[in-house]
Amino acid sequence: MGQSLGCIQVEQSNVAVKEHFGKFDAVLQPGCHCLPWCLGYRLAGQLSLRVNQLDVRCETKTKDNVFVTVVASIQYRALSEKAADAFYKLSNTKQQIQAYVFDVIRASVPKLQLDDVFVQKNDIAKGVEEELEKAMSGYGFEIVQTLIVDIEPDQHVKRSMNEINAAARMRVAANEKAEGEKILQIKRAEGEAESKYLSGLGIARQRQAIVDGLRDSVLAFSENVPGTSAKEVMDMVLLTQYFDTMKDIGASSKSNAVFLPHGPGAVKDIASQIREGLLQAESVQA
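As recorded in an unreviewed UniProt entry, the chain goes by the name Band 7 domain-containing protein, listed as coming from Ambrosia artemisiifolia.

In structure tokens form, the structure reads like this:
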């Protein structure tokens, strides 16, 4: 109804293109405008100044021959001062932007390894933005932001990458487990060595105490019973201990100890061995 009366209304964040007998005449800003159609004026169309977003999926190949799909998000808007260029110069803005995105991505990604593509995605986005800014500024559009929002390798490649990562983590876990077992074995060996050392030290002290006790007993008996030699006293002590030991063995129903050789005559051999031990102990103390 408003156009039939020669009046039009341009909404906020929009501009309108006015033509006079088919020729561009002016860009109308938001508000109410008089457009007498009887004088050859007409509304060619309106152009939004809002920021638009275009998601572009581009399939390409990396330097190590892995096919990936790169998803770029392009945010752009038409410039109010270049509204005529944005309205007339491009018939399909989205296809034009998509073509430039394809060109830049397919020229930069094949120079990079797959891992570098993930690391340098910001550099790829910056290259796309610079190329689009140079190209689209002549058509009246401004590139607000360019983002690489996703990089999707082939499913088989993703599975292989996950398996490699899992294998690496398992290898680290195995090394850590082996180190833990190594430490346990070392600590166990150190504990056993310390235990054996202390046990040997205790046995040595026990034997030394036995030797000292026997020596004192022999000396005391020799002093109290004149005319007896140390050899005779030792033989008697050993014989007494021998029979006490045999008595204890016989009294136990569960004993499985056997002394070889068996017989009282063996005491003489034992006595000679203890006597030699006493002499050696005395020589060491001297």
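There's more to say after this.
Caption draft 1: Representation of the nonpolar core in the model. Membership of the largest hydrophobic core comes to 34 residues, with the highest contact counts inside it found for I74, I97, V101, I105 and L132. Listed by contribution, the elements that provide at least two residues to this core are β6 (52-61), β7 (67-78), α1 (83-88), α2 (93-108), α3 (114-119), α4 (121-136) and β8 (141-153). No other element matches the six residues that β7 contributes to this core. Counting six residues, the second-largest nonpolar core is a separate cluster that includes V10, A16, L28 and L35.

Caption draft 2: Focus on the pattern of salt bridges. Taken as a whole and judged by the stated rule, the model has seven salt bridges. Salt-bridge contacts for K89 lead to D85; the nearest nitrogen and oxygen are separated by 3.8 Å.

Caption draft 3: Spatial organisation of the sheet that holds β7. Taken in spatial order, the three strands line up as β6-β7-β8 in an open sheet, and their pairing is antiparallel. Each of the sheet's edge strands pairs with one partner strand only, and the pair in question is β6 and β8. Each strand of the sheet is rotated relative to its neighbour by a mean of 20°, with strand direction disregarded. Examined bridge by bridge, β7 and β8 share eleven bridges and lie antiparallel to one another.

Caption draft 4: How the structure looks around the packing of α2 against α4. The interhelical angle for the contact between α2 and α4, taken along N-to-C directions, is 135°, at an axis separation of 9 Å. The orientation of α2 with respect to α4, classified from their angle, is oblique. With respect to the hand of their crossing, α2 and α4 are arranged in right-handed fashion. Of α4, the residues touching α2 (which contributes T93, Q96, I97, Y100, V101, V104, I105 and S108) are I124, G127, V128, E131, L132, A135 and M136. Of the residues that constitute the contact of α2 with α4, the class distribution is ten nonpolar, four polar and one charged.

Caption draft 5: Structural detail: the side chain of E19. Examined against the element boundaries, E19 turns out to sit in strand β2 (residues 14-20). Side chain to side chain, E19 and R42 meet in a polar contact 2.6 Å long. Reaching out from E19, the side chain makes a polar contact with the side chain of Y88 at a distance of 2.7 Å. In this view, E19 contacts F24, D25, G40, Y41, R42, A44 and Y88; residues no more than four positions away in its chain are not counted.

Caption draft 6: Inspection of α4 at higher detail. Compared with the 22 Å implied by 1.5 Å per residue over 16 residues, the 22 Å span of α4 between its first and last C-alpha is a close match. Among all positions in α4, only I124, A125, V128, L132, A135 and M136 are buried. In a view along the axis of α4, the buried residues occupy a sector of 100°, so they form one face of it. Opposite the packed face of α4, turned more than 90 degrees from it, sit the exposed residues N122, D123, K126 and K134. Where α4 is buried, its residues contact β7, α2, α3 and β8.

Caption draft 7: Spotlight on the environment of T60. With respect to the secondary-structure elements, T60 resides in strand β6. Taking relative accessible area as the criterion, T60 reaches 6% and is therefore assigned buried. Along the chain, T60 and P153 lie 93 residues apart, while their C-alpha atoms are 9.8 Å from each other.

Thresholds, definitions, all that
Residues numbered from 1 in each chain as written. Predicted model: local features only at pLDDT ≥ 70, side-chain atom pairs only at ≥ 80, totals over all residues. Heavy atoms only, no water. Core = buried A, V, L, I, M, F, W, Y, C linked by side-chain atoms within 4.5 Å. Buried < 20%, exposed > 50% of the residue type's maximum accessible area, 1.4 Å probe, protein only. Helix = DSSP H or I, 4+ residues; strand = E, 2+ residues; numbered from the N terminus. Salt bridge = Lys/Arg side-chain N within 4 Å of Asp/Glu carboxyl O. Pairing = 2+ DSSP bridges. Axes fitted to C-alpha atoms, helices over the stretch in contact; angles between N-to-C directions. Parallel < 35°, antiparallel > 145°, perpendicular 65-115°, else oblique. Left-handed = near helix turned anticlockwise from the far one by under 90°. Contact = heavy atoms within 4.5 Å. Nonpolar A, V, L, I, M, F, W, Y, C, P; charged D, E, K, R; others polar. Polar contact = N/O pair within 3.5 Å; in protein donor to acceptor, adjacent residues only side chain to side chain. Expected span 1.5 Å × (residues − 1). Arc of directions from axis to C-beta.

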